[in-house]
Amino acid sequence: MVMDPPKPWNPNYGVVGSGDRRLAFSRQLSSSSTPRLARSDSSISMPPPLLPAGTTFRWLATRPMRRLVLLIALNVAYSATELAIGLFTGRVGLVSDAFHLTFGCGLLTFSLFAMAASRTKPDNVYTYGYKRLEVLAAFTNALFLLFLSFSLAVEALHAFMQDESEHKHYLIVSAVTNLLVNLLGVWFFRSYARVNIVYRKPEDMNYHSVCLHVLADSVRSAGLILASWFLSLGVENAEVLCLGIVSVAVFMLVLPLFKATGNILLQIAPGNVPPSAFTKCCRQISACEDVSEVCQGRFWELVPGHAVGSLAIRVKNGGHYQYVLEHVHGLYQDLGIQDLTVQTDEESDTI
Amino acid sequence: MDSHNSSPPQIAEVRMDISPCTSVAAGNKFCRGAACDFSDSNNTSKDAKERMASMRKLIIAVILCIIFMTVEVVGGIKANSLAILTDAAHLLSDVAAFAISLFSLWAAGWEATPQQSYGFFRIEILGALVSIQLIWLLAGILVYEAIVRLINESGEVQGSLMFAVSAFGLFVNIIMAVLLGHDHGHGHGHGHGHGHSHDHDHDSDGDHPHHEDQEHVHVHHHEHTHGGSITVKTHHHHHSSTEQHHNAEAEEPLLKSEADCDSAQTSAKVGKKAHRNINVHSAYLHVLGDSIQSIGVMIGGAIIWYKPEWKIIDLICTLIFSVIVLFTTIKMLRNILEVLMESTPREIDATRLENGLRDMEGVIAVHELHIWAITVGKVLLACHVTITQDADADEMLDKVIGYIKCEYNISHVTIQIERE
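What you see is a predicted model, and the numbers here were worked out from it, not measured in a lab.

Peer 1: Quick question: what am I supposed to make of helix α13 (residues 393-408) of chain B here?
Peer 2: Since one α-helical turn is 3.6 residues long, residues separated by three or four positions face the same way. Residues and elements named next belong to chain B. Taking 1.5 Å as the rise per residue, α13 with 16 residues should run 22 Å; its terminal C-alpha atoms sit 22 Å apart, in good agreement. Every buried residue belonging to α13 is among Ala393, Asp394, Met396, Leu397, Val400, Ile401, Gly402, Ile404, Cys406 and Tyr408, and all of these are buried. One or two steps after α13, the chain reaches Asn409, where phi turns positive at roughly 60°.

Peer 1: Please explain the interface of chain A and chain B as it appears in this structure.
Peer 2: Accessible area lost during the coming together of the parts is what is often quoted as the interface size. In this complex, chain A contributes 55 residues to the contact, which on the side of chain B involves 58 residues. When the two sides are added together, the surface that chain A and chain B hide from each other amounts to roughly 5,100 Å², 61% of it contributed by carbon and sulfur. Its largest share of buried area at the contact with chain B, chain A owes to Leu266(A), Arg298(A) and Gln343(A), together 13% of the area lost on that side. Put simply, chain A and chain B have one salt bridge between them. A salt bridge links Arg132(A) to Glu342(B); the nearest nitrogen and oxygen atoms lie 2.8 Å apart. The interface formed by chain A and chain B holds 14 residue pairs in polar contact (both at pLDDT 80 or more) in total. Among the elements that make up the side of chain A that touches chain B, the one with the highest residue count is strand β3 (residues 337-346) of chain A (eight residues). Here the residues of the side of chain A that touches chain B sort into 29 nonpolar, 19 polar and seven charged.

Peer 1: In this structure, what is going on with the pairing of strand β2 (residues 378-387) of chain B? I would like to understand it.
Peer 2: A regular strand places its side chains so that they alternate between the two faces of the sheet. All names here are of chain B. Counting buried positions along β2 gives 10 out of 10 residues, so the element sits mostly inside the fold. On β2, burial covers both faces: Lys378, Leu380, Ala382, His384 and Thr386 on one face and Val379, Leu381, Cys383, Val385 and Ile387 on the other are all buried. What sits between the antiparallel neighbours strand β1 (residues 363-375) and β2 is a turn of two residues, in which Gly377 has the positive phi angle 115°. The pairing of β2 with strand β3 (residues 412-419) spans eight bridges and is classified as parallel. By the bridge assignment for β3, His384 is matched with Gln416. As for the winding sense of the linkage, the β-α-β connection from β2 through α13 to β3 is right-handed.

What counts and what doesn't
Residues numbered from 1 in each chain as written. Chains lettered and ligands numbered in written order. Predicted model: local features only at pLDDT ≥ 70, side-chain atom pairs only at ≥ 80, totals over all residues. Heavy atoms only, no water. Helix = DSSP H or I, 4+ residues; strand = E, 2+ residues; numbered from the N terminus. Expected span 1.5 Å × (residues − 1). Buried < 20%, exposed > 50% of the residue type's maximum accessible area, 1.4 Å probe, protein only. Contact = heavy atoms within 4.5 Å. Buried area = accessible area lost by both parts, 1.4 Å probe. Salt bridge = Lys/Arg side-chain N within 4 Å of Asp/Glu carboxyl O. Polar contact = N/O pair within 3.5 Å; in protein donor to acceptor, adjacent residues only side chain to side chain. Nonpolar A, V, L, I, M, F, W, Y, C, P; charged D, E, K, R; others polar. Pairing = 2+ DSSP bridges. Right-handed = clockwise from strand over helix to strand, strands pointing away.

Now the structure itself:
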């Protein structure tokens with residue numbers, strides 16, 4: 001995409017009315033003192049951290065992290081209150097809701113931890129760095145949401161069999177509060193409130209998973225509120241219907257993220273490069289006059305945006321393999337694969 | 001030579017490595033057409049056999065579980081007791097965990113595609129991760145149930161029923177733990193029987209330095225795979241090397257070192273235990289966790305039976321045992337995380353490897369060294385090696401690959417040789 005000259009900050013860029021609706025982006029701080037960067041796909045960078053980069057402040061380094069800390073704090077406070085009230089008044093519904101929230105908080109904390117830890121430099125043991133943690137956190141979030149959808153389905157089945165429809169007013173209060181807290185979370189991460197996103201950086205996956213998490217929670221609370229409203233209207237089986245719809249909705253929301261993160265963890269070939277490009281590269285390499293055979297081309301994505309590959313090439317005896325190396329590296333860099341290891345073996349005459 | 005091959009697949013392996021000097025040096029670097037690295041016929045037959053054995057075990061466990069679960073469901077509906085139905089739900093979770101492990105085992109055997117160039121071995125790891133998440137989820141649910149029991153002041157909870165149901169659950173889980181944990185004896189007899197007999201042959205000749213001091217605590221589950229195939233190759237070398245040792249002087253050091261390190265590996269491996277497949281191990285952990293929880297619930301039930309006023313002890317008990325269960329999963333979770341983060345496997349010392357490479361003559365520098373594992377036991381290495389101007393690139397490549405194979409037993413290696 002072409003780099004536009006610096007324009008006044010357009011709040012609708014990338015959301016409504018822009019060309020490619022699937023691009024994920026992160027909002028610039030409108031109040032920051034740094035000059036407004038031109039919008040371009042390759043250099044969407046977070047503003048520099050407002051706090052010094054000491055280890056104690058690592059958890060508050062970027063804006064999404066600060067928002068996430070706020071979200072987690074709210075959730076923890078809310079679930080602790082709910083648990084306390086539930087224990088003292090003996091209401092099981094509140095306790096179960098509090099437990100559910102606690103699990104969610106734990107997951108959001110893991111996401112936050114991944115955001116903080118992924119900035120660490122690669123070391124001896126983790127030679128590729130810690131960016132994979134973000135993908136892992138996204139995967140865990142997606143997995144939890146799948147479990148949630150399954151448990152909602154079980155709850156719907158339970159309601160169907162038990163056929164009890166009591167009005168639990170305290171549950172409605174708790175559902176409304178839950179909905180408000182989660183809607184705040186959705187607002188914080190609103191640029192990721194989409195089902196299918198093109199992931200360009202590792203943080204994209206993490207933010208997307210957090211957004212889907214709070215979105216799913218708010219859908220669930222909304223479903224509960226709707227169900228009790230319908231029940232009060234006298235609609236039969238309202239609870240079953242609402243829970244069923246919520247369960248299916250959460251499942252459909254989460255599935256693309258789950259598949260994308262799972263694929264990266266399974267070391268699938270880089271998604272942004274079509275398979276035909278790889279074959280074309282192979283052909284271009286074999287067409288080189290010094291090369292007799294190309295084999296074992298393996299490519300995988302460490303995190304979205306960072307592809308790694310390894311290749312083995314058989315070179316004719318006495319060929320200029322240094323030139324071949326540079327040529328191959330150049331070819332693959334055009335595809336966007338920076339980390340490449342190429343093994344050149346000379347054909348030995350004794351075979 | 002053929003007298004030592006007691007099963008058909010091993011005979012096929014010997015026939016494949018017809019020319020040891022050239023194919024060992026060159027064949028390991030190249031792919032022979034379509035069959036590359038992870039899909040050697042050497043490994044796939046052993047892999048497939050081991051996978052079938054694990055799958056058989058899991059299928060038996062699943063069937064047993066389903067039988068017990070139906071018994072409990074029927075009993076629970078007849079007696080109209082929520083406690084029994086809850087225990088049946090826990091058995092259902094066991095079935096789910098086994099199903100995940102079975103699927104992972106089956107999926108790991110899929111052929112590699114251009115999109116998934118390393119094959120599907122990672123699915124094992126992801127399946128184990130999902131399984132462990134299930135364990136954590138269940139621990140949380142049990143703690144929640146204990147709290148609910150505490151809140152229900154109406155005293156509907158009968159200690160005797162709790163005790164009986166959890167005793168039955170414990171009995172079922174112990175049967176399955178024994179079934180799943182039975183791997184040690186089996187694997188031992190199978191793979192290492194061959195290792196033993198070959199090892200004696202080599203020892204009697206006594207012409208190898210033994211690399212016994214390797215930090216090769218190589219307990220990965222494809223271990224007796226390697227033991228089987230390498231043993232045969234070595235044996236072949238041994239016979240042919242007596243003729244070719246004198247003929248091919250240039251290849252002699254490489255051959256001898258190959259034979260050396262192969263035999264050393266067999267002798268080193270004989271002393272190690274076969275390790276469980278990661279999926280069977282995670283299913284085993286699941287069952288173990290369930291039995292620990294059952295013990296906890298039994299103690300709680302006994303206490304409530306004996307003294308119904310001390311309900312809080314039930315909750316404390318459940319909490320303690322849940323924490324114990326979580327501790328059992330930590331080690332496996334750590335292994336899974338390390339593989340998924342593409343970190344250097346524990347058994348390989350990256351600094352030592354890098355220093356060893358740098359100490360080789362002709363090597364100026366080593367950079368971009370990455371060692372990572374596809375799954376527990378399959379390790380890959382990639383690095384860039386800068387050599388001096390006058391060194392022979394091909395010979396350096398052979399030396400480096402040979403060193404890495406010998407010392408660290410990493411067979412999937414990609415080295416980029418650069419000149420200054």
